[in-house]
Each structure stands twice: as structure tokens, then as C-alpha cells.
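Letter by letter, the chains look like this.
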Amino acid sequence: MTRWIFEPGHSAAAFAVRHMMVSTMRGMFKNVHGSIDFDPDNPMEAAAVETTIRTAGIWTGDDARDAHLRGVGFLDVDTYPEMIFRGSEVRCVGETDFKVLGDLTLCGVTRPVELATRYLGRWQCPYWEDGKDLGPTSRIGFVATTVINRHHFGVSWNAPMDRNGLVVGDDVAITLDIEAILETDMQRIAGMTQG
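Scoring rules and cut-offs
- Residues numbered from 1 in each chain as written.
- Predicted model: local features only at pLDDT ≥ 70, side-chain atom pairs only at ≥ 80, totals over all residues.
- Heavy atoms only, no water.
- Phe/Tyr/Trp six-rings, centres within 6.5 Å; stacked < 30°, edge-to-face > 60°.
- Helix = DSSP H or I, 4+ residues; strand = E, 2+ residues; numbered from the N terminus.
- Buried < 20%, exposed > 50% of the residue type's maximum accessible area, 1.4 Å probe, protein only.
- Polar contact = N/O pair within 3.5 Å; in protein donor to acceptor, adjacent residues only side chain to side chain.
- Contact = heavy atoms within 4.5 Å.
- Lys, Arg positive; Asp, Glu negative; His and termini not counted.
- Salt bridge = Lys/Arg side-chain N within 4 Å of Asp/Glu carboxyl O.
- Core = buried A, V, L, I, M, F, W, Y, C linked by side-chain atoms within 4.5 Å.

Visitor: Would you mind going over the packing of aromatic side chains in detail, with residue names and values included?
Guide: In total, this model carries five aromatic pairs according to the counting rule given. Each ring, one from Phe38 and one from Phe142, has its centre 5.2 Å from the other, and the planes form 80°; the classification is edge-to-face. Taken together, the residues span a long stretch of sequence, with Phe38 in the loop between strand 4 (33-37) and strand 5 (48-54) and Phe142 in strand 10 (residues 132-149) at a distance of 104 residues. Given the relative accessible area of 4%, Phe38 is considered buried.

Visitor: Give a detailed account of the side chain of Thr146, specifying residues and quantitative values.
Guide: With respect to the helices and strands, the residue Thr146 is situated in strand 10. The class of Thr146 is buried, set by a relative accessible area of 13%. For Thr146, the side chain forms a polar contact with the main-chain oxygen of Glu114, separated by 2.9 Å. In this structure, Thr146 is in contact with Val113, Glu114, Leu115, Val172, Ala173 and Ile174, ignoring residues within four places of it in sequence.

Visitor: Would you mind going over the side chain of Asp185 in detail, with residue names and values included?
Guide: Mapped onto the elements of the fold, Asp185 is located in helix 2 (residues 183-194). Arg188 is the oppositely charged side chain nearest to the buried, salt-bridge-free Asp185, at an N-O distance of 4.0 Å. Apart from residues lying up to four places away in sequence, Asp185 is in contact with Pro136, Thr137 and Ser138.

Visitor: Kindly report on the nonpolar core, identifying the contributing residues and their values.
Guide: If you look at the biggest cluster of nonpolar residues, it comprises 40 residues, and the most contacted ones within it are Phe29, Ile36, Phe38, Leu106, Ile140 and Ile148. Here Ile148 is in contact with Leu104, Leu106, Val113, Phe153, Asp170, Asp171, Val172 and Ile174, once residues within four sequence places are set aside.

Visitor: Explain the environment of Arg54 to me, using residue names and the numbers behind them.
Guide: As for its placement among the helices and strands, Arg54 is situated in strand 5. Judged by relative accessible area, which is 48%, Arg54 ranks as partly exposed. A C-alpha to C-alpha distance of 19 Å links Arg54 and Thr145, two positions 91 residues apart in sequence. Not counting the four nearest positions on each side in its chain, Arg54 is found in contact with Phe29, Pro81 and Glu82.

These results come straight from atomic positions and should not be treated as a statement about function.
Put into C-alpha cells, the structure is as follows:
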């Protein structure tokens, strides 16, 4: 099986959660690291994926809110510096659509999660570093979505509002945008930049 390495600068995990009963608060994590074993020429073959996200990298556009989300009651980043998804079962549900089943570990709790995943294709692309093109790289892309209940992972901070409302909703919608480079291309580039 061909291995592809996530390019952290072009991969991200976005999330959205209900806020104050009337709006949706959105945020993201950049520097998503991971790998996927996947054959673009035979996408129905089994695949495996592993993704690691540094929890301290949360960004919502508001420094005070980000600090709150990094604390106890939310991500508790000092105790749980990473969230990890490991997927080992892939079911083809369309020409470019898959269900990826795996385990998400967040705040020390591991639970099964299903990602609705769309393969966006493969392309030969340049690889620029320090203003120099280091040659073509083969890249693939995916977008994957899921919804989790944050309480299932112990992320339970909340505050009551009038009419039985709550500040933060239970369900968190997650979208992963992944761009990955062929592992052998990454090894070639690493050799060029180290030499």
C-alpha cells in the first residue's frame, strides 16, 4: 500500500459548535500531522490513517476564548497535549466517497468515530522551499467530516442561561482538510535539503 504524509501547512481541522443558543462558534487547528496508506489507482483497497493534532494550537480568533478552551473543562492542553485519530477500516460508499471508521482519543478518552470522507484526487505539484522549486511531488487530497458529542470525551464545561439554555452546545461538527505528499517524494526532498 502506498503511504502519503500529511503536509501540515496545507492541512487543517476545523470545528463548529452552537454558542449562546443563537449562533455558531467556529475555530480550527493547523499543523495537522499524519499519514495515510492509500492507493489512488485502487481506492477500494483497504486503507489506514493516523492523524495527530496539538491541542494547544486551537484558534478561534479571540485570544481570551482560546486560553479558556485550552484550560481545564475544555481541552486541558497541559494534561492532554494531543488528540489522535487512528482509522483502520474503510468502506467505499461511492466513486470518491468513503466511510473511515476508527478511534478518536481526546482528553484521555478513546471512542469510535466515523468520518464521511471524500477523495479529491491526485496531482503532480511543485514543492517550493526557500524560494526554490525542489521538483515535482505527487499529492492527494481529502475532506472528511463528522460530529461528536463533546461530553463523551469529558469536555463538559458549560454555563446555564435563561429558559434552560446553555452557553455551549453538546455537538461539535468537525471538518478535516488534508493534503498529503507521496512518502517517497518527501524522502527525496528531505535528502536534497539535508545534503
